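Architecture and fold: a report
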Amino acid sequence: MKFEHLLSPMKVGNKTYRNRVVSAPMAFSLIVQNPEAQGPTYRKLESSAKGGNACVIVGELDVNFRDAVRIPGFQYVDFSDPSKDPVTFDAVSEYARRIHKHGAIALGELVHCGKEKVPFNDQQEAVGPVETVNLAGVHVRAMTKDDMDRIANDFAVAAAYIQKAGYDGVLIHGGHGFIFTQYLSPLLNTRTDEYGGSLENRAKFPLQILKAVREAVGEDFLVELRIDGTDHQPGGITPEETGQFVQWAEPYLTSVHVTCGIYEESVKSGTESSMFHPHGLNIEQAAVVKSYTKLPVGVVGGINSPEMCEEAIAAGKVDFVVLGRQMLADPEFTNKCIAGEEDRIRRCLRCYKCFPGSPEEGYDDLPFTSEELAVYVGHCTINPLAHLPFDPDALAPAVKSAKVLVIGGGVAGLQAAMTACDRGHKVTIAEKSDKLGGLLYFTDVDIDKPDLRNFKNMMIREVERRDIEVCLNTEATPEFVKNFGADAIILATGSVPAKPPVPGIENAHQAMEVYDGTYTPGRKIVMIGGGLVGCETGLYLQKTGHEVTVVEMLDRVANESFGMYREALVWEMEKNNMTMLPKTRCLKIEADGVTIENGDGVQKLPADSILYALGMKAVCPEELEEAAGDAEVYVIGDAKGPGKVDQATRSAYLAAIEIAKA
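First, a word on scope: everything that follows refers to the structure included in this document. As the structure is a computational prediction, the values presented were derived from the model and not from experiment. One numbering rule holds for all chains: residues counted from 1, following each sequence as written. Thresholds applied to this predicted model are a pLDDT of at least 70 for local features of residues and 80 or more for the giving and counting of side-chain atom pairs; totals over whole chains, interfaces and linings are not thresholded and use all residues. Processing note: side-chain calculations cover all non-hydrogen atoms of the structure and skip hydrogens and water entirely.

**Here's the deal with the overall build of the chain**
Which entries qualify depends on this criterion: By definition, any uninterrupted DSSP run of H or I lasting at least four residues is a helix, any uninterrupted run of E lasting at least two residues is a strand, and each is numbered from the N terminus. A radius of gyration in this sense is built from C-alpha atoms; the matching globule rule multiplies 2.2 Å by the number of residues raised to 0.38. Exposure classes here rest on a 1.4 Å probe applied to the protein chains alone. A residue is buried below 20% of its type maximum, exposed above 50%, and partly exposed in between. Note on contacts: a residue pair is in contact if any heavy atoms of the two residues lie within 4.5 Å. Exposure was quantified through the Shrake-Rupley algorithm and a 1.4 Å probe, taking into account, for residues, occlusion by the shown protein chains and nothing else. For the purpose of counting charges, residues Lys and Arg are taken to be positive, whereas Asp and Glu are taken to be negative. His and the chain ends are not included. To locate a charge, the coordinates of NZ of Lys, CZ of Arg, CG of Asp or CD of Glu are taken.
Of regular secondary structure, the chain possesses 21 helices and 28 strands. Radius of gyration (C-alpha) of the chain: 27 Å, near the 26 Å computed for a compact globule of 662 residues. Seen along its three principal axes, the alpha-carbon backbone of the chain occupies a region of about 75 × 65 × 50 Å. Buried residues in the chain amount to 61% of all 662 residues. Long-range contacts, defined as pairs at least 24 residues apart, comprise 72% of the intrachain contacts of the chain with a sequence gap of at least 6. Total accessible area on the chain stands at roughly 24900 Å², and carbon and sulfur atoms take up 50% of it. Once the 66 positive and 93 negative side-chain charges of the chain are each reduced to a mean point, those two points are 2 Å apart.

Structure below.
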């Protein structure tokens, strides 16, 4: 067996995990109160169990509705008496039933956000170890001993609720700057009484919570703890201190999940790592924690490859791995490992499509309210089946096997061809270039996009695995389309760079030319256009020895992005000393530089090379639609409107399932 350590069973408490893969807590457990979100959320959690994981964890059950609940809109639940709200109790129980149906262990996560609380009514407040003001500008009251006793009891009552609902255990969220970290970190806990100062004092309240939970659920119920190996803050908690705390907590726990970071700096501290963080960023900290305890120790954070999982477990650094966003990208991760088909795994991009951040974290540019975000969480750039509003397994088969022509071999065309083939159609791809992958060819060069390159190459391999005819160097002319005689035609013709009438534009080169080898830029570069293409291409050039200045007319660069990804990108640009000039107009381009105008007046930026990234325009020839005759015609991906990879994969899947639909 190739992944013998990863796929070996493991004893946790009185349970046997069938392998070493755990699905990290996802979704907000009480979102099942929302009829719109209930179906997709159940399928999301069930798919990981069905995909072969040993354990699946249902996310965030806030332990009370006074100072713990993070998302507005959830109805109050009396956790002490499930009979008072049998509908919600049954809905929460349904998670466990679906997880158990596929042979996996079911855990429910318990959360108290402490000082990160944003009150949603005048009966709610934020409390923490010390009086402060949180990132949202909310006053935080310092907790009293009565508060601690009450909240410890809340954890115990919520754990008993999860136990009654048929779960095998609970995971207590003790990381990410929530209540445990707030007490354990010497940076956040500056109390001067018996709950502050030494690690022993700072650990008293977290240990009180764990003891209360264990006493409430008995010895046979799993109690697992997610804990920061480090909060990545100067003067914060260290892996050694975390290890010592876990040693003290051993009587109450069955395993430990090591994470990192704090909620107020999610991207920079790595709580949800970006593509600019190393993969497996918490493995070494987990190894330190493991040296302090006899409990099984797992690790979460930026892991998307079974090879990394196997290596960490085989080396004795951890006992198991906890995969979060990767389970959205490919819930069949474990089954593919078992089958020896690891090259078929859709490996997470860490692009934040699934969770772009929240208003409570200070992201004021999100296209969501908090309530909308709770429903949205779980979409995926590279998995078009993630968070569908319908059950894809319940789709009726096509009424006939249709002859399908896919025009364009970019990522949208590849997904459409695969889906159509899987539904029994006879599929041909016509691609005018000499290779598949479309605009994602740039990932073969860009140093920050190895995961997107893996995705592109995996998609090409998946097409090759299927009975799909691929015609390269084939331009789909109207005559070609007429003669082909397709029952259905999918136009995945993509997009091309726009070339606006800027004076002197002939002195500039389109940004993507630096990837395909048609243009080699000089050292000093001015990039006209600070959208995603301009910023990401500029970052690649900056990292490979150039000096890049990005000129953007809007108030900020990467404006079409938002939340965590935009923060990660701009932070990376800043770390690499790129110059960003928002609110700046390009007046004229000359061979040796660019004349600009902004708040500092008119000036000329000297440059060895001028590049532009001023948008894309769809390529969707009307004559091809006209040539289709009576065939079904679908327009997908950038041909439908320039967008990102998620729009390409989702539109492709949805189009392909419509062909010869019952």
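**Structural notes on unusual backbone geometry**
Of note in the backbone geometry, histidine 176 takes a positive phi value of approximately 60° without being a glycine. You can see histidine 176 is positioned in the loop between β9 (169–174) and α4 (179–184). Phi at asparagine 577 is positive, roughly 60°, even though this residue is not glycine. By secondary structure assignment, the location of asparagine 577 is in the loop between α19 (563–575) and β22 (579–581). Asparagine 577 sits in the exposed class, given a relative accessible area of 62%.

**With respect to helix α21 (residues 645–656)**
Under the convention used in this document: In this scheme, a helix's expected span is set at 1.5 Å multiplied by one less than its residue total.
With 12 residues, α21 should cover 16 Å at 1.5 Å per step; its first-to-last C-alpha distance of 17 Å lies within 8% of that length. Most of α21 is tucked away, with 10 of its 12 residues classed as buried. Within α21, the full set of buried residues consists of Val645, Asp646, Ala648, Thr649, Arg650, Ser651, Ala652, Tyr653, Ala655 and Ala656. Contacts made by the buried residues of α21 are with α14 (411–422), α15 (450–465) and β28 (632–635).

**Side note on the pairing of strand β17 (residues 488–491)**
Put simply, the rule is: Two strands qualify as a pair provided that DSSP identifies no fewer than 2 bridges between them.
Along β17, one buried face is formed by Ala488 and Ile490 and the opposite face, lined by Ile489 and Leu491, is buried too. Bridge count for strand β14 (residues 403–407) against β17 is 4 bridges, and the pairing is parallel. Pairing of leucine 405 across the sheet is with isoleucine 489, part of β17. Inspection of the sheet shows β17 paired to β28 by 4 bridges, in the parallel sense. Each residue of the ladder has a partner; that of alanine 488, found in β28, is glutamate 632.

**Some words on the sheet that holds strand β24 (residues 593–598)**
What counts is decided by this rule: Axes here refer to lines fitted to C-alpha atoms; in helices the fit is confined to the stretch in contact. Angles between the N-to-C directions go from 0 to 180 degrees.
One open sheet accounts for 3 strands, arranged β23-β24-β25; its pairing is antiparallel. One side of each edge strand has no neighbouring strand; the edge strands of this open sheet are β23 (585–590) and β25 (601–606). Strand-to-strand twist in this sheet, taken as the mean axis angle between neighbours without regard to direction, amounts to 20°. In the sheet, β24 pairs with β25 via 6 bridges, with the strands oriented antiparallel. Bridged to asparagine 598 within β25 is glycine 601.

**Overview of a negative patch on the surface**
For clarity, the cut-off: Residues forming no salt bridge and having over 30% relative accessible area are the ones grouped into patches, like charges within 9 Å of each other and nonpolar side chains (Val, Leu, Ile, Met, Phe, Trp, Tyr) within 5 Å. Counted as salt bridges are all cases of a side-chain nitrogen of Lys or Arg within 4 Å of a carboxyl oxygen of Asp or Glu.
A cluster of acidic residues, Glu622, Glu623, Glu625 and Glu626, forms a negative patch at the surface. The class for glutamate 622 is exposed, based on a relative accessible area of 56%.

**A few points about the packing of aromatic side chains**
This is how the line gets drawn: When two rings of Phe, Tyr or Trp (its six-membered ring) have centres within 6.5 Å they constitute a pair, described as stacked for plane angles under 30 degrees, edge-to-face for angles over 60, and tilted for the intermediate range. To sit over a ring, a charge needs its Lys NZ or Arg CZ within 6 Å of the ring centre and within 35 degrees of the ring normal.
In the structure shown here, the tally under the stated rule is 13 aromatic pairs. Three or more aromatic residues joined by ring pairs make a cluster, and in this case those are Phe65, Tyr76, Phe79, Phe89 and Tyr161. Lysine 403 extends its terminal NZ or CZ atom over the ring of phenylalanine 484, reaching a point 4.6 Å from the ring centre. Lying over the aromatic face of tryptophan 571, lysine 575 brings its terminal NZ or CZ to 4.1 Å of the ring centre.

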